[in-house]
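Here's the letter readout for the chains.
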Amino acid sequence: MTLEIQTEHDLSGFNTLRLPCVAARYVAPTDPGVLTSAIALARRNDWPVLVLGGGSNLILGERLDGLVIQPAFQRWQLEPIRKGRVKLTVEAGMNWHRLVMAMAEQDLWGLENLALIPGHCGAAPIQNIGAYGVELSDILDAVHGVDLQEGCEVVFSRDECAFGYRDSIFKHAMEGRVAITHLELSLSTQAQPKLEYGDLARRVGNEPTPLEIANTVIATRQEKLPDPAVLPNAGSFFKNPVVNAAKADRLLSKYPDMPHFPQSPGEIKLAAGWLIDQCGLKGYRKGAFGVHEKQALVLVHRGGGSAQELMVFADGIARDVLERFGVVLEKEPRAIGLHPT
Ligand code: FAD
Ligand code: EPU
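Residues numbered from 1 in each chain as written. Chains lettered and ligands numbered in written order. Predicted model: local features only at pLDDT ≥ 70, side-chain atom pairs only at ≥ 80, totals over all residues. Heavy atoms only, no water.

Novice: Whenever I open this one, the site of ligand 1 confuses me. Can you help?
Specialist: Among the 34 residues in the neighbourhood of ligand 1, the closest are listed as Val51, Gly54, Ser56, Asn57 and Gly130. Interatomic distance of 2.7 Å between a backbone N/O atom of Gly54 and an oxygen atom of ligand 1. A distance of 3.0 Å separates an oxygen atom of ligand 1 from a polar atom in the side chain of Gln127. Among the elements of the structure, strand 3 (49-51), strand 8 (130-131), strand 12 (178-188) and strand 13 (233-236) are those that each provide at least two residues to the shell around ligand 1. Counted by class, the shell around ligand 1 contains 17 nonpolar, 13 polar and four charged residues. (Near = heavy atom within 4 Å. Polar contact = N/O pair within 3.5 Å; in protein donor to acceptor, adjacent residues only side chain to side chain. Helix = DSSP H or I, 4+ residues; strand = E, 2+ residues; numbered from the N terminus. Nonpolar A, V, L, I, M, F, W, Y, C, P; charged D, E, K, R; others polar.)

Below, the structure is given as structure tokens:
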């Protein structure tokens, strides 16, 4: 396998917000050996590296200098480990949703609630993807990768990943430091339905299979989330804010219907979509960007806009929420290659 670096590579079709972006250099290694060579080349030349997956959680500025590496290896393998448990090893370039469906079709439990999350498996640990009451950390055993500074192989156990809500070590001490090559997950052959989120339990039969749950999650998501192939977006644009109990109580006395979800003792998660919705911003449009009509947490790009304009649009929404509720919203997607405004 050879290292084929492309120059001046157009990334506008490689990010689900469809923001215009050109990478000075781009490579899509089809095996881990080529990935290691690409990293060595970047280290020799002092090129900053961006590891790209499906581009569904990124706000890309118009130009990325350095090297963009998009792992394209995508094998997966199952191995029984003990009674009722199966070890799944999957490479970074595999499409996450395709993996979920392949496991559900084999009647393996663990991934079904995470159906239809866009992107590649290698990105899943970065923000500890989660949906419908399940997070990646519930089923992940280890993350393997290559250290971008040292060029050596690294392994992180689940504990070492320091997972939290939309959070991991890869957003802190190890931010931008590791190219993830493969994941080890642990699935179950025995029924373990997780149906506590929203109306999931009501929407499935009595003894649902993983496939039935995955298909129900897909249908639920399709009712409110826009398909990025049709209407460019990055899913939730802000994280759901976590506030202390005193702050939540103050808001609840004024807004008794406000959705709220107790987390660790004294911490309450609020629904950012509800807060934005209450500001009357659902369906609001300005220039190339808008707040989705069915899910106020999703910002959509209607074409012709730039990352800078998107940031200004998003900051305006966060400002309205802060003024009305006193709650700070933090962006979920990672912004890269943007000039400070
Ligand atoms: P990218 O956007 O390409 O990259 C995201 C980050 O991961 C970047 O920092 C990138 O550098 C890093 N990265 C990517 N690959 C690697 C690698 N191999 N090694 C090291 N770093 C890497 N997220 C949820 O948690 N729950 C949801 O329900 C959900 N729903 C969504 C719905 C829609 C319609 C959309 C568009 C997005 C949604 N997301 C959701 C966000 C997104 O799908 C996830 O964050 C996903 O894991 C991003 O994967 P990606 O391959 O597209 O990553
Ligand atoms: N809500 C409104 N108006 C809106 C949107 C939401 O009132 O416009 C209310 C809903 O009625 C509900 C609450 O807010 O009471 C929560 O809404 P929903 O169940 O749709 O989930 P969410 O909090 O908006 C989160 C994740 C999603 C994930 C879903 C399902 C975050 C930032 N977002 O959204 O993840 O799919 O739950 O688990 O945690 C993503 O991260 O990109 C993403 C899509």
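Novice: Just checking my understanding: could you explain the site of ligand 2 for this structure?
Specialist: Looking at ligand 2, there are 22 residues lining it, with Tyr132, Tyr165, Tyr197, Gln295 and Glu332 nearest. Asn240 is positioned such that a nitrogen or oxygen atom in its side chain is 2.8 Å from an oxygen atom of ligand 2. For ligand 2, whose free accessible area comes to 820 Å², the fraction covered by protein is 81%. Those elements giving two or more residues to the shell around ligand 2 turn out to be helix 4 (210-224), strand 13 and helix 6 (272-278). (Areas by Shrake-Rupley, 256 points an atom, 1.4 Å probe, with all protein chains shown as cover.)

Novice: Got a minute to help me understand the packing of helix 2 (residues 96-105) against helix 4 in this structure?
Specialist: Any two packed helices are characterised by the angle at which their axes cross and by the distance between the axes. Running from amino to carboxyl end, helix 2 crosses helix 4 at an angle of 145 degrees, the nearest separation of the two axes being 8 Å. In terms of crossing hand, the pair formed by helix 2 and helix 4 is left-handed. For the pair helix 2 and helix 4, the contacting residues are His97, Met101, Ala104 and Glu105 in the first and Pro210, Leu211, Ala214, Asn215 and Ile218 in the second. For the contact of helix 2 with helix 4, a count of residues per class yields six nonpolar, two polar and one charged. (Axes fitted to C-alpha atoms, helices over the stretch in contact; angles between N-to-C directions. Left-handed = near helix turned anticlockwise from the far one by under 90°. Contact = heavy atoms within 4.5 Å.)

Novice: What is the right way to look at the domain arrangement of the chain in this model?
Specialist: Frequently, the measure chosen for interface size is the accessible area removed from exposure when the parts meet. The domain architecture assigned to the chain consists of domain 1 (6-69), domain 2 (76-224) and domain 3 (233-336). Here the C-alpha centre of domain 2 lies 24 Å away from the C-alpha centre of domain 1. Contact residues are listed per partner, giving eleven residues for domain 1 and 14 residues for domain 2. Here domain 1 and domain 2 share an interface that buries about 910 Å² over both sides, 66% of which is from carbon and sulfur atoms. Area buried by domain 1 at its contact with domain 2 is led by Ile39, Arg43 and Val51, which between them contribute 40% of it. There are three residue pairs in polar contact (both at pLDDT 80 or more) connecting domain 1 and domain 2. (Domains from an automatic or database assignment. Buried area = accessible area lost by both parts, 1.4 Å probe.)

Novice: What am I meant to see in the environment of Leu60 here?
Specialist: Here Leu60 shows up in strand 4 (residues 58-60). We classify Leu60 as buried; its relative accessible area is 1%. Apart from residues no more than four positions distant in its own chain, Leu60 is found in contact with Leu11, Asn15, Leu19, Pro20, Cys21, Leu50, Ala307, Ile336 and Leu338. (Buried < 20%, exposed > 50% of the residue type's maximum accessible area, 1.4 Å probe, protein only.)

Novice: What exactly am I supposed to notice about the sheet that holds strand 11 (residues 153-157) here?
Specialist: Strand pairing in a sheet relies on backbone hydrogen bonds, with the paired strands running either antiparallel or parallel. In space, the five strands of this open sheet follow the order 6-7-12-10-11, with antiparallel pairing throughout. Looking at the sheet topology across the chains shown, the edges are occupied by strand 6 (76-82) and strand 11. With strand direction ignored, the average angle separating the axes of adjacent strands in the sheet is 20 degrees. Sheet analysis places strand 10 (residues 140-147) next to strand 12, joined by seven bridges and oriented antiparallel. Its bridge partner lying in strand 12, Asp147 is registered against Val178. Helix 1 (residues 32-45) rests against strand 7 (85-91), strand 10 and strand 12 of the sheet, and its axis sits at about 45 degrees to strand 10. Packing of helix 2 onto the sheet brings it into contact with strand 6, strand 7 and strand 12, and relative to strand 6 it is tilted by some 45 degrees. (Pairing = 2+ DSSP bridges.)

Novice: Hey, could you run me through the sheet that holds strand 14 (residues 242-244) in this one?
Specialist: Strand order in the open sheet formed by three strands is 14-16-15, with antiparallel pairing between adjacent strands. The sheet is open, and its two borders are formed by strand 14 and strand 15 (260-262), each paired with just one other strand. Looking at each pair of strands side by side, their axes are set apart by 35 degrees on average, direction ignored. Pairing between strand 14 and strand 16 (residues 267-270): three bridges, direction antiparallel. Looking at strand 16, one finds that Val243 is bridged to Ile268. Packed on one face of the sheet, helix 5 (residues 245-254) meets strand 14, strand 15 and strand 16 and runs near 95 degrees to strand 14.

Novice: I tried to follow helix 4 on my own but got confused; where do I start?
Specialist: Each turn of an α-helix holds 3.6 residues, which means side chains three or four residues apart point in the same direction. The end-to-end C-alpha distance of helix 4 is 22 Å, a good match for the 21 Å that 15 residues give at a rise of 1.5 Å each. Looking only at helix 4, the buried set comprises Pro210, Ile213, Ala214, Thr216, Val217, Ile218, Thr220 and Arg221. In this structure, the buried side of helix 4 is in contact with helix 2, strand 8 and helix 3 (200-203). (Expected span 1.5 Å × (residues − 1).)

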